[in-house]
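Secondary and tertiary structure notes
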Amino acid sequence: MDHVTLALPQEPAGGVAGWAADLVDALGAPGAGLFVALENVFPPLPSEIILPLTGFAAGQGVLSLTSALLWTTLGSVTGAVVLYWIGALIGRERMYALWARLPLVKTSDLRRTEEWFARHGTKAVFLGRMVPIFRSLISVPAGIERMPMPVFLMLTTLGSMIWNSALVLAGYWLGDRWDEVGTYVGVLSKAVLVLVVVALAAYVAVRVRGRYKGARHRRV
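The structure contained in this document is the topic of the report that follows. (Residues numbered from 1 in each chain as written. Predicted model: local features only at pLDDT ≥ 70, side-chain atom pairs only at ≥ 80, totals over all residues. Heavy atoms only, no water.)

Of regular secondary structure, the protein chain possesses nine helices and zero strands. Counting over 220 residues, the protein chain shows a buried share of 41%. Counting contacts in the protein chain only where the partners sit at least 6 residues apart, residues at least 24 apart contribute 71% of the total. Looking at the protein chain as shown, the accessible area adds up to about 12400 Å², and 69% of this sits on carbon and sulfur atoms. (Helix = DSSP H or I, 4+ residues; strand = E, 2+ residues; numbered from the N terminus. Buried < 20%, exposed > 50% of the residue type's maximum accessible area, 1.4 Å probe, protein only. Contact = heavy atoms within 4.5 Å. Areas by Shrake-Rupley, 256 points an atom, 1.4 Å probe, with all protein chains shown as cover.)

Grouped together as the largest cluster of nonpolar side chains are 21 residues, with contacts concentrated most on Val24, Ile50, Leu51, Leu53 and Leu63. Secondary-structure elements contributing two or more residues to this core are α1 (16-27), α2 (29-41), α3 (47-59) and α8 (149-174). Of all the elements, α3 adds the most residues to this core, at six residues. In this structure, Phe117, Ala124, Val125 and Leu155 belong to the second largest nonpolar core, which totals 10 residues. (Core = buried A, V, L, I, M, F, W, Y, C linked by side-chain atoms within 4.5 Å.)

To continue, consider unusual backbone geometry. Its identity as a non-glycine residue notwithstanding, arginine 146 has a phi of 55°, on the positive side. Mapped onto the fold, arginine 146 is located in the loop between α7 (139-144) and α8. When its relative accessible area of 52% is taken as the criterion, arginine 146 is described as exposed.

Across its 13 residues, α3 extends 18 Å between first and last C-alpha, which sits within 8% of the 18 Å expected from 1.5 Å per residue. Burial analysis of α3 places 12 of its 13 residues in the buried class, which makes it a mostly covered element. Those residues of α3 not exposed but buried are Ser47, Glu48, Ile49, Ile50, Leu51, Pro52, Leu53, Thr54, Gly55, Phe56, Ala57 and Ala58. Glycine 61 occupies a position one or two residues after α3 and carries a positive phi of about 85°. (Expected span 1.5 Å × (residues − 1).)

What follows is about the packing of aromatic side chains. In this structure the tally under the stated criterion is two aromatic pairs. A centroid spacing of 5.4 Å and a plane angle of 85° characterise the contact between tyrosine 84 and tryptophan 85, whose relative ring orientation is edge-to-face. Using a relative accessible area of 4% as the deciding quantity, one classes tyrosine 84 as buried. Pairing tyrosine 84 with phenylalanine 152 gives two aromatic rings, centres 4.7 Å apart and planes at 40°, and the pair type is tilted. Linking tyrosine 84 in helix α4 (residues 65-101) with phenylalanine 152 in helix α8, this pair joins segments that are 68 residues apart in sequence. Here tyrosine 84 matches phenylalanine 152 in class, with each residue buried. Members of the aromatic cluster, joined through ring pairs, are Tyr84, Trp85 and Phe152. (Phe/Tyr/Trp six-rings, centres within 6.5 Å; stacked < 30°, edge-to-face > 60°.)

Attention shifts here to a nonpolar patch on the surface. A cluster of nonpolar residues, Leu70, Trp71 and Leu74, forms a patch on the protein surface that exposes about 290 Å² of accessible area. Residue position: tryptophan 71 is located in helix α4. (Patch = residues over 30% accessible without salt bridge, like charges linked within 9 Å, V, L, I, M, F, W, Y side chains within 5 Å. Salt bridge = Lys/Arg side-chain N within 4 Å of Asp/Glu carboxyl O.)

Let us now look at the side chain of asparagine 40. As for its position among the elements, asparagine 40 is in helix α2. Its relative accessible area of 0% is what places asparagine 40 among the buried residues. Side chain to side chain, asparagine 40 and arginine 129 meet in a polar contact 2.6 Å long. The residues contacting asparagine 40, other than those within four sequence positions of it, are Gly75, Ser76, Gly79, Ala80, Leu83, Arg129, Arg135 and Ser136. (Polar contact = N/O pair within 3.5 Å; in protein donor to acceptor, adjacent residues only side chain to side chain.)

This is how it looks when you write it as structure tokens:
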């Protein structure tokens, strides 16, 4: 098969999309997998670019759709395992020590979070792989809590396969309009970020109000 160079509408050759296209052109499906692995460890690298782009490449005959899904999922799992072991290296003891130094938080908050993860960790890891921002971060508490590796791998693989398949197939079906996928995923990412910021703001407000009331009672 003759080599096919990817066409990237509306993307500068030197941008992230151009770099991703170069990886796919040079390495094929393993290049896409490498990018996805890096994206998991460094979340600012956008999966909403490389995954639909890989699907577009499959539609152009640069690689097969099966290899695109296989390698991107392998890349996701590899990146998640790296973050899992980072969490494991931090460990509960260091996590509690770091938590104790943070303002406006209590040890009981972290304990409740651990209890929640013990009850719902499997669902959190599985569903978290399909939520922007949390896709990478969810692997860290799994490592801190030492979720059994076979369970972690199974949940991460299944969740990653669903997310990756949706974006790769979208790029495959959209063809030259593959970059539209990033617009919709970007909106979802911003919505998740807004919810996180609102939740953090509410948490801080409750803590500050509680401390203010406690200080008033002590003065009285």
